[in-house]
Amino acid sequence: MKDQKMFSSEVELGKFLGSTDVIQDAYRPNSQTSSTHQLHPTRSGFNVLAFNSLCDYTILINNSALDLVSPENHKDLHFLSTKVNPDFSINKAAIELFEQHFDELLELLKQHKESPLVVTGHGLKTAKRPICITFGAPLLGDETLRRAICERPQWNSCFLNVVANTDTLASVYSSKTLYKPFGTFLFCTESGGHTAFEDQETILAVLDDIASSNGGNTQMHDYTNDLGLIRRKILYRGPSKFGGSNLNPLTTDIVLQFQEIGLLKDDSQDLIAKTKEKRAKMIKTKRMVNAYEPTKKLNEMKISLTYMEWYMKGQRSKGGYYDSFKNAETKTIEEIRSQQEIIRNQRILSQYWKKTIEEKELMPQKEGAELRKRWLYGGTNYRRIVEPLDIADYYKKGNTNYIDSRPNHYVLLERWSEDDKKDQKPSDKKTKAASLTEDSCFWAHVEEALISLRDLKNGGLDDITINLKTTNLKRFEEDVLRAIKDFSLSPKVFVPGSSLMKW
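Identification of the chain as EDS1 EP domain-containing protein from Lactuca virosa is taken from an unreviewed UniProt entry.

To continue, consider the pattern of salt bridges. Any two side chains of opposite charge can pair, so long as their charged atoms come close to each other. Within the structure shown, the criterion is met by 14 salt bridges. Across the pair E418 and K421 runs a salt bridge whose closest N-O atoms are separated by 3.5 Å. Separated by 3 residues within a single helix, E418 and K421 lie in helix α17 (residues 408-423), roughly one turn from each other. E418 sits in the partly exposed class, given a relative accessible area of 37%. Note that R482 is salt-bridged to D479, the shortest N-O span being 2.7 Å.

Geometrically, a pair of aromatic rings is defined through the distance of the ring centres and the angle of the planes. Inspection of the entire model under this criterion finds 18 aromatic pairs. Joined through ring pairs, the aromatic side chains of F185, F187, F197 and F258 make up one cluster.

Axis separation between helix α16 (residues 373-396) and helix α18 (residues 442-458) bottoms out at 9 Å; the angle between their running directions is 30°. With respect to α18, the element α16 is oriented roughly parallel. Each of P388, I391 and Y395 in α16 lies in contact with α18, whose residues at this interface are W443, A444, E447, E448 and I451. Looking at the contact of α16 with α18, its residues break down into 6 nonpolar, no polar and 2 charged.

So, about the environment of Q315. Take Q315: it is sitting in the loop between α12 (293-313) and α13 (321-326). Look at Q315 and you get buried, because its relative accessible area is 9%. When the C-alpha atoms of Q315 and F325 are compared, they prove to be 8.7 Å apart, with 10 residues separating the residues in sequence. Every residue in contact with Q315, bar those within four places of it in the chain, is listed here: G320, Y321 and S324.

Covered by surrounding structure in strand β9 (residues 194-197) are H194 and A196 together with T195 and F197, the residues of both alternating faces. Relative to β9, strand β8 (residues 184-188) runs antiparallel, the two sharing 4 bridges. Paired with L186 across the two strands is A196, which belongs to β9. The antiparallel hairpin formed by β8 and β9 contains 5 residues in its connecting segment, where G192 sits at a positive phi of about 95°.

Attention shifts here to the environment of T120. Here T120 lies in strand β5 (residues 117-122). Taking relative accessible area as the criterion, T120 reaches 1% and is therefore assigned buried. It is 6.1 Å that separates the C-alpha atoms of T120 and L49, two residues lying 71 residues apart in sequence. In contact with T120, other than residues within four places in its own chain, are A26, N30, V48, L49, A50, F51, I133 and F135.

Let's shift gears to the environment of K297. Here K297 is to be found in helix α12. A relative accessible area of 32% places K297 in the partly exposed class. C-alpha separation for the pair K297 and Y352, spaced 55 residues apart in sequence, amounts to 8.6 Å.

The residue N401 is not glycine, and still its phi comes out positive at about 55°. Structurally, N401 is set in the loop between α16 and α17. Given the relative accessible area of 41%, N401 is considered partly exposed. Positive phi outside glycine occurs at F487, with the angle close to 60°. Residue placement: F487 occurs in the loop between α19 (463-485) and α20 (499-502).

Below, the discussion takes up helix α8 (residues 200-213). Relative to the 20 Å expected for 14 residues at 1.5 Å per residue, α8 spans 20 Å between its end C-alpha atoms, a close match to the ideal helical length. Within the sequence span of α8, burial applies to Q200, T202, I203, L204, V206, L207, D209 and I210.

Checked against the element boundaries, H194 lands in strand β9. Here G192 takes part through its backbone oxygen, which lies 2.9 Å from a polar atom of the side chain of H194.

Interaxial distance between α18 and α19 falls to 10 Å at its minimum, and their mutual angle equals 140°. Regarding the angle of α18 to α19, the classification is oblique. Note that α18 runs across α19; the crossing there is left-handed. On the side of α18, the interface is formed by F442, H445, V446, A449, S452, L453, D455 and L456, while α19 contributes I466, K469, T470, L473, F476 and V480.

Reading the values: rules and limits
Residues numbered from 1 in each chain as written. Predicted model: local features only at pLDDT ≥ 70, side-chain atom pairs only at ≥ 80, totals over all residues. Heavy atoms only, no water. Salt bridge = Lys/Arg side-chain N within 4 Å of Asp/Glu carboxyl O. Helix = DSSP H or I, 4+ residues; strand = E, 2+ residues; numbered from the N terminus. Buried < 20%, exposed > 50% of the residue type's maximum accessible area, 1.4 Å probe, protein only. Phe/Tyr/Trp six-rings, centres within 6.5 Å; stacked < 30°, edge-to-face > 60°. Axes fitted to C-alpha atoms, helices over the stretch in contact; angles between N-to-C directions. Parallel < 35°, antiparallel > 145°, perpendicular 65-115°, else oblique. Contact = heavy atoms within 4.5 Å. Nonpolar A, V, L, I, M, F, W, Y, C, P; charged D, E, K, R; others polar. Pairing = 2+ DSSP bridges. Expected span 1.5 Å × (residues − 1). Polar contact = N/O pair within 3.5 Å; in protein donor to acceptor, adjacent residues only side chain to side chain. Left-handed = near helix turned anticlockwise from the far one by under 90°.

Shown next, in the form of structure tokens:
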């Protein structure tokens, strides 16, 4: 991949954002909101939840109300926590405001959950996921909060921060502080110049420039005129003011962005070089990952799963799917190839689902705790078909107590599947046995029952162990009868020669 073929989409992103009505429709309710927060309908068909935050930030800063604090004692913010970022810091004033109005906001969300919602505020940052558009908002949290948001692309894309180059309030926290930006920043000038940035280092550099150019003025900035000038400049931009025809497209795009907001200066070369390097890496990464790769990969896994299902159907005469795999005796070349193919697909499926579940588990807890329906159903079928093979391998090696060492991705898939059932409407009573046994650990329970029977027959056990094993066997028998009654047990487990029939 050659650098000359790279270009930055942020140039076009800035033009697109500047041309939409959403930003102006989001800003207009700020001046119309007299209470702490108020819901406004717009001509564009969506609702705007506007916050009135006209406060003296100088007093807040002097009173340490804008310090970073840990939200460990604020249970309403636990959903932001991730496995890799369990702790983070956030603006103290923001936490207090959020908790003060949490119940009211939750009720508003319930009332309008089916309609698009934009959350906005002047100098304030705050399923259909709401869009948050801020105007001159100071940075909200530290690096761990930024990572928690950015790990969830759907969250990160919901934040748009509009900042004028004369709005010092937005630059209260510079690159020298622990505060870090997230989301997209649309910077604009008093002449209508505007561009979008998503890289945090570049955003911090622009905020530093704003802070140094405006001498610490903390007055509230009126964005009405800025937004009107942006729309006019979209219609007529005029020629570029620099003669960079000999530059490659990526460098040209970055220079155009800096020029657009007046950041192109004599000492900007180092910043341009760093921005170019980081953006080049990002572009390469995006090109390597096809935008439709997740769905494409899931479809590929369905092919492997279909092969496994075909294999299951052909094992009835050999004691069934589970036992034929566990006790496989390959004699012919065709049997060897078939066994190798089933092991290959087993490995492919396990690698994919382990990676997928691991990525989801790292997401912010509430949103990362569930897979989308399509993935959840695919994962459930995978668990019910492939886990029995893992169990067969486990007991074939002479191991016991599979449940105690069960792989975590199976545990999570089962838990998420059960959680999904709780949200479903109760269906009519089942009258037909399941094609796949619903309990993917069924064969582990069978193996433990066989081990208990063998131990009891061999004798030499103390009374406590005898009672324990007898109790476990009775419980297993009750579970099997219950599964038959509930139609959650596949008839295929009863084929002659299966481990269940031996029991």
